[in-house]
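Chain residues, written in single-letter form:
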Amino acid sequence: MDIFKNDDQVATIIAHELSHVVMEHSSEILSLACLLDLLILPSMISLHAYVPRFLVALLMQWVVNVVVSLTVKFPERRKAESESDMVGLYLAARACFDVREACSFYQMLSETEGLRDLE
Ligand SMILES: [Zn+2]
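Since the structure is predicted, the reported quantities are computational estimates derived from the model, not experimental observations.

Calculation notes
Residues numbered from 1 in each chain as written. Predicted model: local features only at pLDDT ≥ 70, side-chain atom pairs only at ≥ 80, totals over all residues. Heavy atoms only, no water. Phe/Tyr/Trp six-rings, centres within 6.5 Å; stacked < 30°, edge-to-face > 60°. Helix = DSSP H or I, 4+ residues; strand = E, 2+ residues; numbered from the N terminus. Buried < 20%, exposed > 50% of the residue type's maximum accessible area, 1.4 Å probe, protein only. Salt bridge = Lys/Arg side-chain N within 4 Å of Asp/Glu carboxyl O. Donors = N, O, S within 2.8 Å, 3.2 Å for Na, K, Ca; no water. Tetrahedral: all angles 85-135°; square planar, octahedral: opposite > 155°, others 65-115°. Expected span 1.5 Å × (residues − 1). Polar contact = N/O pair within 3.5 Å; in protein donor to acceptor, adjacent residues only side chain to side chain. Axes fitted to C-alpha atoms, helices over the stretch in contact; angles between N-to-C directions. Parallel < 35°, antiparallel > 145°, perpendicular 65-115°, else oblique. Left-handed = near helix turned anticlockwise from the far one by under 90°. Nonpolar A, V, L, I, M, F, W, Y, C, P; charged D, E, K, R; others polar.

(A) Region of interest: the packing of aromatic side chains. One pass over the full model with this rule turns up 2 aromatic pairs. Note on Phe-4 and Phe-105: the rings are 5.0 Å apart at their centroids and 20° apart in plane angle, and the pair reads as stacked. With a gap of 101 residues between them, Phe-4 in the segment before helix 1 (7-22) and Phe-105 in helix 4 (residues 100-112) connect regions that are remote in the sequence. Phe-105 shares its class with Phe-4; the two are buried. Seen from their ring centres, Phe-105 and Tyr-106 are 6.2 Å apart, and the 55° between their planes marks the pair as tilted.

And the structure:
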């Protein structure tokens, strides 16, 4: 709480986090990851039918996790953060907070690299 200069900056962050919930970002990312899992599953089953080894299955699961992370989780998470920045500002403004404080707050966070801790 020491990093906030006023209530408007606190409201900016709370509205950002609230917008993640309102926009159901976790469900969206989880759904896309599950869909990609289902698309990859037939090839994993086929491979396991030919090579029924535990290590091969373990390696395939690791590959799937990497593919899901690179194609769904990381890009969608970045997109969700941008969307929450916009929607959060709207929510804070609707609650009569001064959203101009968001600019200076995000600027200060990016300069101190504290932005990663809040995401
Ligand atoms: Zn966020």
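(B) Main features of the pattern of salt bridges. Following the criterion strictly, the structure yields 2 salt bridges and no others. Two residues, Glu-76 and Lys-79, come together in a salt bridge whose shortest N-O distance is 3.4 Å. Taken together, the positions of Glu-76 and Lys-79, both in helix 3 (residues 54-94) and 3 residues apart, correspond to about one turn of that helix. Judged by its relative accessible area of 47%, Lys-79 falls in the partly exposed class. Asp-98 serves as the salt-bridge partner of Arg-100, at 2.8 Å between the closest nitrogen and oxygen. Accessibility expressed as a relative area gives 65% for Arg-100, which makes it exposed. For Asp-98, a relative accessible area of 24% translates into the label partly exposed.

(C) A look at the coordination of the zinc ion. Within the protein, the atoms that donate to the zinc ion are His-16 (NE2), His-20 (NE2), Glu-81 (OE) and Glu-81 (OE), at distances of 2.0 to 2.7 Å. One can describe the site at the zinc ion as irregular: its 4 donor atoms subtend angles covering 52 to 141° at the metal. Counting gaps between the donor residues of the zinc ion yields the pattern H-x3-H-x60-E. A residue pair is termed long-range when its members are at least 10 positions apart, and His-16 in helix 1 and Glu-81 in helix 3 qualify at 65 residues.

(D) Spatial organisation of helix 1. Taking 1.5 Å of rise per residue, the 16 residues of helix 1 would be expected to cover 22 Å, and the 22 Å separating its terminal C-alpha atoms lies within 8% of that figure. Among all positions of helix 1, only Gln-9, Val-10, Ala-11, Thr-12, Ile-13, Ala-15, His-16, Ser-19 and His-20 are buried. The opening residue of helix 1, the one whose side-chain oxygen lies 3.1 Å from the backbone nitrogen of Asp-8, is Asn-6. Directly after helix 1, the chain includes Glu-24, whose backbone phi takes a positive value near 55°.

(E) Summary view of the packing of helix 2 (residues 25-50) against helix 3. Following both chains from N to C, one finds helix 2 and helix 3 inclined at 160°, their axes separated by 9 Å at the closest point. In this view, helix 2 runs roughly antiparallel relative to helix 3, as classed from their interaxial angle. Taken as a pair, helix 2 and helix 3 cross one another with a handedness that is right-handed. For the contact of helix 2 with helix 3, the residue count by class is 15 nonpolar, 5 polar and 7 charged.

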